[in-house]
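Breakdown of the fold
One-letter residues, chain by chain:
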Amino acid sequence: MKPDTILVLDFGGQYCHLIGRRVREHRVYSEITPYNITSNHIKALTKHINIKGIILSGGPSSIYEEDAPKCDPMIFDLNIPTLGLCYGHQLIASLYGGRVEAAKKREYGISYAMVDSPDDLLKGLTGIQKVWMSHGDTVFELPRPFQILAHTKNCPVAAFKHREKPIYGLQWHPEVIHTENGSLTLKNFLFRICHCVPNWVMEDFAAQAIKEVRQVVGSKKCVIGLSGGIDSSTATVLASKAIGRSLTAVFVDHGFMRKGEPEFIQSFFQRFDLSFIPIDARRRFLQRLKGVTDPEQKRKIIGEEFIRVFEEVAERVGAEYLMQGTIYPDIIESGFGQHSAKIKTHHNVAGIPARIKFRGIVEPLRNLYKDEVRRVAEKLNLSDLLVRRQPFPGPGLAVRIIGDITQEKIDVVREADAIVREEIEASGLGENLWQYFAVLIDSKTTGVKGDARAYGHTIVVRALESKEAMTASFAKIPYETLEKIATRITNEISEVTRVVYDITHKPPATIEWE
Ligand code: XMP
């Protein structure tokens, strides 16, 4: 049976893929397509898949800009229920002749929407709703066939419906967990409006991915960059099941690993049937990063240097393919969507140099989110020790040292990170946190130690709750734990005079400082 499908038109929004994910959480299959898919193309697709609804995603453009992405307006005549979110909401309004302009007051983050009509889309939502907004433009007026369903203090048309056609718009983001009834709103769209049947269950991804890796790599050899994080570890185990000893796992110690990490990785992967090569590249990475302060440049240098090390190993073992544990957010945030803004260059995506000596790059996890990777890892029977680890960025501590990198700073932030981890884990808070770590910032401050003036480094403690890293909230760590962390860091690391706690959500901040 063909699964009921929702098409998500990608206008380049950071949350576009989150929409697809949220739809799948309701057991309805979703596919992301470019925003300019034509109505004829959609008609042709309906012969193969049951398209029950269309969602227009958000995006960074303004609809009144000359090159703003627009969908084929004929799709509104297909009689397929359509929901516009944020930019999609503004686009529908504008294509129907509504007035969309720059907002007098922009809304970023939590906002409160007054429900004017708890229609089928907003069924079950009454009164004031806590919603997540992120927009600079606003729909001020709608033409006659539309009805306003909700408004906020600064946004007169926060939700609407067409009176005759199944067309809806929401200025807020129901896909973001901070929108209190976001899941219910999407559910209303899927089941009340699109009449979907929840008949899609995630296929056995691991088995499918193993088959695909075998098909692509065939009898050739492959090297994989294994950092010890959940993504590259899962990709490694998956690939070792696919091609066995044709796989060489390369663990590059670039010098920016956490305390105890190189030892942990080496001992953990000894138990698997693969060839494992550790490379001590500490000196060459530090050399290449000498004096570099720009975060994007740091990431690019690290990305390139990784590839150079992999190429050297590949030449030694006769490998033609490079495998990476790249996941969806790495790709989205590196700005690889046609209209999406680049947030930061994930080292394993845009950090890859234009010329590489590999026949191809294989990325079996590139369509998955972190929590999905965790589920695959569980299926592969990876130990909890690995599955439950907090994510750690490929460039490691290098993107947690603001400004230029020196050996002294690496040592300081590594010790501070170990203390943060120890204390958070000892207090039992770790299990519910997405990440918790230390950052060393680029300014020294005055302190007093042992009755004498001290002038030393500042450490930032960052701890977050998140579901998939696309959004995150800073964790409300008890003061007692923060106090213990600060006391230990300033006592045990003589170079540190001050410890501060980062209380910024993502967005507007990102999780890592660089
Ligand atoms: P940001 O800082 O973009 O991080 O909010 C989102 C998640 O991705 C991790 N991260 C990376 N992971 N290579 C990686 O493998 C990278 O270059 C990279 N940069 C950030 C980060 O730790 C967080 O979990």
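The model shown is predicted, which means the values in this text are computed figures rather than measured ones.

Next up on the list: the overall build of the protein chain. Broken down by element type, the protein chain carries 14 helices and 18 strands. A globule of 514 residues ought to have a C-alpha radius of gyration of about 24 Å, and the protein chain, at 25 Å, matches this closely. The C-alpha extent of the protein chain, read off along each of the three principal axes, is 70 × 65 × 40 Å. By the burial criterion, 58% of the 514 residues in the protein chain qualify as buried. Carbon and sulfur atoms form 49% of the exposed surface of the protein chain, whose accessible area is close to 22000 Å². Positive and negative charge centroids in the protein chain, built from 67 and 63 side chains respectively, lie 3 Å apart.

A few words now on the domain arrangement of the protein chain. Along its sequence, the protein chain is organised into domain 1 (4-193), domain 2 (205-387) and domain 3 (400-501). One C-alpha centre belongs to domain 1, the other to domain 2, and the line joining them spans 36 Å.

The terminal C-alpha atoms of helix α14 (residues 479-492), which comprises 14 residues, lie 20 Å apart, in line with the 20 Å expected from a rise of 1.5 Å per residue. Where α14 is buried, its residues touch α13 (407-426), β16 (452-465) and β18 (496-501).

A word on the pairing of strand β10 (residues 222-225). Judged by which residues are buried, β10 turns out to be covered on both faces: Cys222 and Ile224 on one side and Val223 and Gly225 on the other are all buried. Bridge count between β10 and strand β11 (residues 247-253): four bridges; the pairing is parallel. Paired with Ile224 across the bridge in β11 is Ala249. Both β10 and strand β13 (residues 321-323) contribute to a ladder of three bridges, which runs parallel. Pairing of Cys222 across the sheet is with Tyr321, part of β13.

All chains considered together, the criterion is met by 31 salt bridges. One salt bridge connects Lys52 with Asp4, and the closest N-O pair in it is separated by 3.5 Å. In this pair, Lys52 is assigned in strand β3 (residues 50-56) and Asp4 in strand β1 (residues 4-10), connecting sequence segments 48 residues apart. Relative accessible area serves as the criterion here: at 5%, Asp4 is assigned to the buried category. Among the salt bridges present, the one from Asp502 reaches Arg462, with a minimum N-O distance of 3.0 Å. Here the residue Asp502 occupies a position in the segment after β18, and Arg462 occupies one in strand β16, the gap between them amounting to 40 residues. Per residue, the accessibility class of Asp502 equals that of Arg462, and both read buried. Several salt bridges share partner residues, and in doing so they unite Arg21, Arg22, Glu25, Glu372 and Lys467 into one network.

What follows concerns the sheet that holds β11. Paired through backbone hydrogen bonds, the strands of a sheet run either parallel or antiparallel to each other. Read from one edge of the open sheet, five strands run β12-β11-β10-β13-β14, paired in parallel fashion. Either end of the sheet is taken by a strand with one partner, and the two such strands are β12 (275-280) and β14 (360-362). Across the sheet, the axes of successive neighbouring strands diverge by a mean angle of 25°, strand direction being ignored.

Let us look at the packing of α13 against α14. The description of two packed helices rests on the angle between their axes and on the distance between the axes. α14 packs onto α13 with a crossing angle of 150° between their chain directions and a minimal axis gap of 10 Å. Classified by the angle between their axes, α13 and α14 sit roughly antiparallel to one another. Pair α13 / α14 crosses with right-handed handedness. Along its contact with α13, which presents Ala416, Ile419, Val420, Glu422, Glu423 and Ile424, the element α14 presents Thr481, Lys484, Ile485, Arg488, Ile489 and Glu492. Here the residues of the contact of α13 with α14 are counted per class, giving six nonpolar, one polar and five charged.

Here we take up the packing of aromatic side chains. Applying the stated criterion to the full structure yields 12 aromatic pairs. Ring geometry for Tyr96 versus Phe146: centroids 5.1 Å apart, planes at 75°, classification edge-to-face. Here Phe146 lies in strand β7 (residues 146-151) and Tyr96 lies in the loop between α3 (87-95) and β5 (99-115), a separation of 50 residues in the sequence. With a relative accessible area of 5%, Phe146 lands in the buried category.

Following the sequence through the fold, Thr326 ends up in the loop between β13 and α10 (328-333). For Thr326 and Glu363, which are 37 residues apart along the polypeptide, the C-alpha to C-alpha distance reads 6.0 Å. Of the polar contacts made by the side chain of Thr326, one reaches the side chain of Glu363; its length is 2.7 Å.

What counts, and at which threshold
- Residues numbered from 1 in each chain as written.
- Predicted model: local features only at pLDDT ≥ 70, side-chain atom pairs only at ≥ 80, totals over all residues.
- Heavy atoms only, no water.
- Helix = DSSP H or I, 4+ residues; strand = E, 2+ residues; numbered from the N terminus.
- Rg over C-alpha atoms; globule rule 2.2 N^0.38 Å.
- Buried < 20%, exposed > 50% of the residue type's maximum accessible area, 1.4 Å probe, protein only.
- Areas by Shrake-Rupley, 256 points an atom, 1.4 Å probe, with all protein chains shown as cover.
- Lys, Arg positive; Asp, Glu negative; His and termini not counted.
- Charge placed at Lys NZ, Arg CZ, Asp CG, Glu CD.
- Domains from an automatic or database assignment.
- Expected span 1.5 Å × (residues − 1).
- Contact = heavy atoms within 4.5 Å.
- Pairing = 2+ DSSP bridges.
- Salt bridge = Lys/Arg side-chain N within 4 Å of Asp/Glu carboxyl O.
- Axes fitted to C-alpha atoms, helices over the stretch in contact; angles between N-to-C directions.
- Parallel < 35°, antiparallel > 145°, perpendicular 65-115°, else oblique.
- Left-handed = near helix turned anticlockwise from the far one by under 90°.
- Nonpolar A, V, L, I, M, F, W, Y, C, P; charged D, E, K, R; others polar.
- Phe/Tyr/Trp six-rings, centres within 6.5 Å; stacked < 30°, edge-to-face > 60°.
- Polar contact = N/O pair within 3.5 Å; in protein donor to acceptor, adjacent residues only side chain to side chain.

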